[in-house]
Amino acid sequence: MKLSLRSMLLPVLTALFVALPAQAALKVATLHPLLGDLARQVGGDKVEVVDLLKPGADAHHFEPTSKDLATIKGTALILASGKHLESYLDKLKDSVGPATKIVEVGKPIPSIKIEAGNDLFLCCPAHAAGGIDPHWWHSADNMKRAARVLADEFSTADAANAATYRANAEAAQQKLTTLKSWAQQQIAVIPKADRKLVTAHAAFGYFCKEFGFKSVPVLGVGREDEATPKYMVETIKTIRDNNIRAVFPEDQANPKVLQEIVRETGVKVGKPLIADGTSSNATTFEAMLRHNVSAVVEALKP
């Protein structure tokens, strides 16, 4: 029997069509790796995610280039951390135009203000007084809030897939609840009296609040602050008076003042913590939290 060209090609074309991936319904860009990970969880195969801030970069000093702007052409949403972390947002808004919405994901999340009267701080945050800690992603509960924000924004931009976005957000929240329970179980081995976290800069307020620690930041929010001699004396006294056993550098910050504190007090140095969520070794919230919890427990457990 003689087969026509059409009958011979039809199975091949059908197979190729089936094999082609479905085109994402929504394109979004992110200004933080942790937001990129969360956007992929909430968006699934309905969302194409473009990461502008790459793992290993400095979240405090990053600013999109003209090449970045070309990459995100046609993007419906740009996801920013908010809380004044990205000082360039107004300029970015002018560059991308009204067709692209910039969403400050952290904006509806309650902020931690750095001030002397805040019980969260064990010692002297006056050098960063009045500042807002922008590192809201150090809390599993805050990441759950962020998942809701993303589901709402994706649903508004792509109503046809709203049910999928909300279901994906709920699944992500369940994972975060389980992860928080794991962290609480690990931290339980540290006596409450020893839950004091001395870090390179004021980045762990949300972690401390969620897991019952007192914060002792050596530098301010942006790491560029300088610790005054008076502040150094107060910090060293706090460490001695409270029998604090360890201080923690960070993956992108190990200031000389921290080394000086170690010399003066004799405390041990814990493993570097991931502060800004941009470590090339931990590009997801889960990886970051597991690393930080393990490092803190290892240094502070009896």
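In the block above lies the structure referred to throughout.
Source: prediction; values computed, not measured. (Residues numbered from 1 in each chain as written. Predicted model: local features only at pLDDT ≥ 70, side-chain atom pairs only at ≥ 80, totals over all residues. Heavy atoms only, no water.)

J.: What should I look at first to understand the sheet that holds strand S8 (residues 214–219) in this one?
T.: Two strands in a sheet stick together by hydrogen bonds in their backbones, pointing the same way (parallel) or opposite ways (antiparallel). As summarised here, the arrangement of the four strands in space is S8-S7-S9-S10, forming an open sheet in which the pairing is parallel. Two strands in the sheet have a free side with no partner beyond their single neighbour: S8 and strand S10 (268–269). (Pairing = 2+ DSSP bridges. Helix = DSSP H or I, 4+ residues; strand = E, 2+ residues; numbered from the N terminus.)

J.: What exactly am I supposed to notice about the pattern of salt bridges here?
T.: Any two side chains of opposite charge can pair, on the condition that their charged atoms come close. Per the counting criterion, the structure on display carries nine salt bridges. When the shortest N-O distance is used, the salt bridge between glutamate 153 and lysine 101 registers 3.0 Å. One end of the pair, glutamate 153, is in helix H5 (residues 140–157); the other, lysine 101, is in strand S4 (residues 101–104), with 52 residues separating them in the sequence. Note that aspartate 141 and lysine 180 form a salt bridge whose closest N and O atoms lie 2.8 Å from each other. With aspartate 141 in helix H5 and lysine 180 in helix H6 (residues 162–187), this residue pair connects regions lying 39 residues apart in the sequence. Given a relative accessible area of 26%, aspartate 141 falls into the partly exposed group. Residue lysine 180 is classed as buried on the basis of its relative accessible area, which comes to 17%. (Salt bridge = Lys/Arg side-chain N within 4 Å of Asp/Glu carboxyl O. Buried < 20%, exposed > 50% of the residue type's maximum accessible area, 1.4 Å probe, protein only.)

J.: Please clarify how the packing of H6 against helix H10 (residues 285–300) should be interpreted in this entry.
T.: Between two packed helices, what matters for the description is the angle formed by their axes and the separation of those axes. Between H6 and H10, the least distance of the axes is 10 Å, while the angle of their chain directions is 10°. In terms of orientation, H6 lies roughly parallel with respect to H10. The segment H6 lies against H10, with Leu176, Leu179, Trp182, Ala183, Gln186 and Ile187 engaging Phe285, Glu286, Leu289, Arg290, Val293, Ser294 and Val297. For the contact of H6 with H10, the residue count by class is nine nonpolar, two polar and two charged. (Axes fitted to C-alpha atoms, helices over the stretch in contact; angles between N-to-C directions. Parallel < 35°, antiparallel > 145°, perpendicular 65-115°, else oblique. Contact = heavy atoms within 4.5 Å. Nonpolar A, V, L, I, M, F, W, Y, C, P; charged D, E, K, R; others polar.)

J.: Could you clarify how one ought to interpret the pairing of S8 in this entry?
T.: For a regular strand, the rule is simple: side chains alternate between the two faces of the sheet. The element S8 is extensively covered by neighbouring structure, given that five of its six residues are classed as buried. Judged from the five bridges that link them, strand S7 (residues 196–201) and S8 form a sheet pairing that is parallel. Bridge assignment links leucine 197 to a residue of S8, and that residue is serine 215.

J.: Just to check I follow, could you spell out the side chain of lysine 83 for this structure?
T.: As for its placement among the helices and strands, lysine 83 is situated in the loop between strand S3 (77–80) and helix H4 (89–96). Although buried, lysine 83 forms no salt bridge, and the nearest oppositely charged side chain, glutamate 104, lies 8.4 Å from it. Among the polar contacts made by the side chain of lysine 83, one reaches the main-chain carbonyl oxygen of glycine 106 at a distance of 3.0 Å. Excluding residues within four positions of it along the chain, lysine 83 makes contact with Glu104, Gly106, Lys107, Ile109, Pro110, Ser111, Ile132, Asp133, Pro134, Trp136 and Tyr206. (Lys, Arg positive; Asp, Glu negative; His and termini not counted. Polar contact = N/O pair within 3.5 Å; in protein donor to acceptor, adjacent residues only side chain to side chain.)

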